[in-house]
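Now for the letters of each chain:
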Amino acid sequence: MARSDRTESGAAAHVEGTTPRSAAHADRTAPGAVVLINPNTSAATTATMTALARRALGPALPVRGVTAARGPRMLTDPEALRAAAPEVLAAGRRAVREGDCAALLVAAFGDPGLAALRAAVRVPVVGLGEAALLEAADGGTPFGIATVTPLLADSIHARVTALGLADRYTGLRLTAGAPERLAADPELLLDRLEHAVRACAERDGARAVVIGGGPLGEAAEALRARCAVQVVAPIPAACRALTRLAAREPRR
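Residues numbered from 1 in each chain as written. Predicted model: local features only at pLDDT ≥ 70, side-chain atom pairs only at ≥ 80, totals over all residues. Heavy atoms only, no water.

This part is about the overall build of the protein chain. Within the protein chain, the secondary structure is distributed over 10 helices and 10 strands. Within the protein chain, the fraction of its 252 residues that count as buried is 53%. Restricting the contact set of the protein chain to residue pairs at least 6 apart, pairs at least 24 apart contribute 66%. Carbon and sulfur atoms make up 53% of the accessible area of the protein chain, which totals about 11,000 Å². (Helix = DSSP H or I, 4+ residues; strand = E, 2+ residues; numbered from the N terminus. Buried < 20%, exposed > 50% of the residue type's maximum accessible area, 1.4 Å probe, protein only. Contact = heavy atoms within 4.5 Å. Areas by Shrake-Rupley, 256 points an atom, 1.4 Å probe, with all protein chains shown as cover.)

Shown next, in the form of structure tokens:
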């Protein structure tokens, strides 16, 4: 069940998995939780991504999900990414201020608000896109990206370059069909993403393929069993990065 809470801006935010009590009390059953921030406004997507993060992290690090207070239900273009950034920052600062936050996970491939949030808080902060791209390129591995958002192609290329990974990047493969239509049809989404992953490997020479999207997490997990190439699922990659950071940085 999801509930509403108030952000710094006064808009309603949704906390996944809580009962109708105050936010400060509702999630204190798991002190030191990883707070997963979903930058889009779909509570169902928050619940799905939170479940994936819980599976990846296991019982040692509890996870609670927070949904952006306002904005688009899907981040499919640069304007949506820009609009999501202040909501991510507000949600992350609030989570830290409440005192039960061990780390923050920005759960969108474009990492909206990631740099600002890192500058604003004193807990580890991980973004899905950064973590997945760095993992895919580790050791000099040639990697590609398969995703559903053609309007974000330039932003994705810029992110790869900013991370210093352009020399290992084999390119972006996009699914056919509108992102909203694919999101509503999981089987079609899986089929289209599989074609894109195979094109990355067979046509572009990628030895690892990143699935570019937090809401694509379940499809990414399924593709790992269906494709011979290494498929990097963004939420588990972010959780691995977060675990490494949490182990290095003392609680302050």
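The next subject is the sheet that holds strand S9 (residues 208-211). Strands sit in the order S8-S7-S9-S10 across an open sheet of four strands; the sheet is parallel. Strands with a single pairing partner mark the edges of an open sheet, and in this sheet they are strand S8 (169-174) and strand S10 (230-232). Averaged over neighbouring strand pairs, the angle between their axes works out to 25° when direction is ignored. Two strands pair when backbone bridges link them, and strand S7 (residues 143-147) and S9 are joined in this way by four bridges, in the parallel orientation. (Pairing = 2+ DSSP bridges. Axes fitted to C-alpha atoms, helices over the stretch in contact; angles between N-to-C directions.)

Our focus in this paragraph is the pattern of salt bridges. One pass over the structure, following the stated rule, counts 13 salt bridges. For arginine 94, the salt bridge goes to glutamate 98, with nearest N and O atoms at 3.3 Å. Of the two residues, arginine 94 and glutamate 98 both sit in helix H3 (residues 78-98), four residues apart, roughly one turn of that helix. Linked by salt bridges that have partners in common, Arg64, Arg94, Glu98 and Asp100 make up one network. (Salt bridge = Lys/Arg side-chain N within 4 Å of Asp/Glu carboxyl O.)

When you line up the elements, alanine 68 lands in the loop between strand S4 (63-67) and H3. We classify alanine 68 as buried; its relative accessible area is 4%. Residues alanine 68 and alanine 85 lie 17 residues apart in sequence; the distance between their C-alpha atoms is 9.7 Å. In this structure alanine 68 touches Asn38, Pro39, Asn40, Thr41 and Glu87, once residues within four positions along its chain are discounted.

Turning our eyes to something else, we now look at H3. The end-to-end C-alpha distance of H3, which contains 21 residues, comes to 31 Å, matching closely the 30 Å that a straight helix rising 1.5 Å per residue would cover. Residue alanine 84 marks the point of greatest curvature in H3, where the axis turns by about 25°; the proline proline 86 follows within four residues. Capping the start of H3, aspartate 77 holds a side-chain oxygen 3.1 Å from the backbone nitrogen of glutamate 79, two or three residues further along. (Expected span 1.5 Å × (residues − 1). Bend = angle between axes of the 7 residues up to and from the residue. Polar contact = N/O pair within 3.5 Å; in protein donor to acceptor, adjacent residues only side chain to side chain.)

Here we take up helix H9 (residues 217-226). Here H9 has its buried residues at Gly217, Ala219, Ala220 and Leu223. One side of H9 carries all its buried residues, which in axial view fall inside an arc of 150°. Turned more than 90 degrees away from the buried face of H9, the exposed residues are Glu218 and Ala225. (Arc of directions from axis to C-beta.)

The next point concerns the pairing of S7. Within S7, five of the five residues are buried, leaving the element largely enclosed by the surrounding structure. Here S7 shows a buried face lined by Phe143, Ile145 and Thr147 and a second buried face lined by Gly144 and Ala146. Across five bridges, the pairing between S7 and S8 is parallel. Following the sheet pairing, phenylalanine 143 is matched in S8 by tyrosine 169.

If you add up the space inside the largest pocket, you get close to 810 Å³. Looking at the largest pocket, it is lined by 37 residues, and the ones nearest its centre are Met74, Gly213, Gly214, Pro215 and Leu216. Contributions of two or more residues to the lining of the largest pocket are made by helix H2 (43-57), helix H6 (153-162), helix H7 (179-183), helix H8 (186-202) and H9. No other element matches H8, which puts four residues into the lining of the largest pocket. Of the residues that constitute the lining of the largest pocket, the class distribution is 20 nonpolar, 13 polar and four charged. Contributing to the lining of the second largest pocket are Arg118, Val126, Glu130, Ala131, Leu134, Glu135, Ala241, Arg244, Leu245 and Arg248. (1 Å grid on protein atoms, 1.4 Å probe; cavity = no way out; pocket = protein on both sides within 12 Å on 5 of 7 lines; lining within 4 Å. Points joined across faces, edges and corners; volume = space filled by probe spheres on them. Nonpolar A, V, L, I, M, F, W, Y, C, P; charged D, E, K, R; others polar.)

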